[in-house]
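The primary structure of each chain is shown beneath.
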Amino acid sequence: MSGKKTKVTEDLYPYDYQEERYELIEGVRYDVQAAPMIRHQQLVKYFLTSIEDTCATEGLVLTAPIDVQFDEENEFQPDVVYITNENLHIVTEKKIIGAPDIIIEILSPSTSYNDKIRKKRVYERFCVKEYWIVDPVHLYVDQLVLTDKKYLLANTYGYMDVVRSELLSCIKIDLESIFSKLLVFDKD
């Protein structure tokens, strides 16, 4: 055997693979932007950690990208989902199949209409108990609570308020502590 070394190269990706991010809302595909804005990601992180810090023993909190399938025509990637221990049976290795107990969506220019209209309609139909819509520009949270199979606006929380879940007493989120940490960028 000679001492000559041979360089071996492997094609690590033998096929042209490109991960797609999209949501299926009422049978219509909506492509999701590859990366949300920094402020959006900060809010996802802060809501996740706030819930995790106080309610970890009561259930499971997850963030996007995670698929939540309601039926064949509705599969979303909500920003934050919370599933109580009693409903953990809806969590599979690859996705959530069924309605989480709480869903939080952070509005962005490309998804606001879907979040406030289309997805809200689906969340209501499939009985997501609480749906929070967070406005990262005006710094408020609309808390919708399922009552008699319809969403009612339980409260709109502003910068100085504490969001309290109607469903879980362990969820208390001080919005000032979250909103005050958001980075501010100069507009060019």
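Residues numbered from 1 in each chain as written. Predicted model: local features only at pLDDT ≥ 70, side-chain atom pairs only at ≥ 80, totals over all residues. Heavy atoms only, no water.

Trainee: Even after reading the chapter, I still don't get the sheet that holds strand E9 (residues 130-135), so can you show me in this structure?
Mentor: Paired through backbone hydrogen bonds, the strands of a sheet run either parallel or antiparallel to each other. Pairing is mixed in the open sheet, where six strands are placed in the order E3-E6-E8-E9-E10-E11. Both edges of this open sheet fall to strand E3 (59-63) and strand E11 (150-157), since each of them pairs with a single strand only. In this sheet, adjacent strand axes meet at a mean angle of 15 degrees when their direction is disregarded. Judged from the seven bridges that link them, strand E10 (residues 140-147) and E11 form a sheet pairing that is antiparallel. Counterpart to Thr 147 in the pairing with E11 is Lys 150. Its contacts with the sheet place helix H2 (residues 112-125) against strand E8 (102-106), E9, E10 and E11, and it is angled at close to 165 degrees to E9. (Pairing = 2+ DSSP bridges. Helix = DSSP H or I, 4+ residues; strand = E, 2+ residues; numbered from the N terminus. Axes fitted to C-alpha atoms, helices over the stretch in contact; angles between N-to-C directions. Contact = heavy atoms within 4.5 Å.)

Trainee: How do you make sense of the pattern of salt bridges when you look at a structure like this?
Mentor: Any two side chains of opposite charge can pair, on the condition that their charged atoms come close. For the structure on display, the rule yields six salt bridges. Here Glu 26 and Arg 121 are joined by a salt bridge, their closest N and O atoms 2.7 Å apart. Taken as a pair, Glu 26 in the loop between strand E1 (22-25) and strand E2 (28-31) and Arg 121 in helix H2 lie far apart in primary sequence, 95 residues in all. Relative accessible area serves as the criterion here: at 27%, Glu 26 is assigned to the partly exposed category. The salt bridge involving Lys 150 is made with Glu 124; its shortest N-O contact spans 3.7 Å. In this pair, Lys 150 is assigned in strand E11 and Glu 124 in helix H2, connecting sequence segments 26 residues apart. Of the residues examined, Lys 150 reaches a relative accessible area of 48% and is grouped as partly exposed. (Salt bridge = Lys/Arg side-chain N within 4 Å of Asp/Glu carboxyl O. Buried < 20%, exposed > 50% of the residue type's maximum accessible area, 1.4 Å probe, protein only.)

Trainee: Sorry, what's going on with the nonpolar core here?
Mentor: Nonpolar side chains in soluble globular proteins generally cluster together in the buried interior. By size, the foremost hydrophobic cluster in this structure holds 26 residues, and its most contacted members are Phe 47, Ile 104, Trp 132, Val 141, Ile 171, Ile 173 and Phe 179. Of all elements in the fold, only helix H1 (38-55), strand E6 (80-84), E8, E9 and helix H3 (175-179) reach the threshold of two or more residues within this core. Considering each element in turn, this core owes the most residues, six residues, to H1. Look past the residues within four positions of Phe 47 in its chain and what remains in contact with it is Val 80, Ile 104, Ile 106, Trp 132, Val 134, Val 141, Ile 173, Leu 175 and Ile 178. (Core = buried A, V, L, I, M, F, W, Y, C linked by side-chain atoms within 4.5 Å.)

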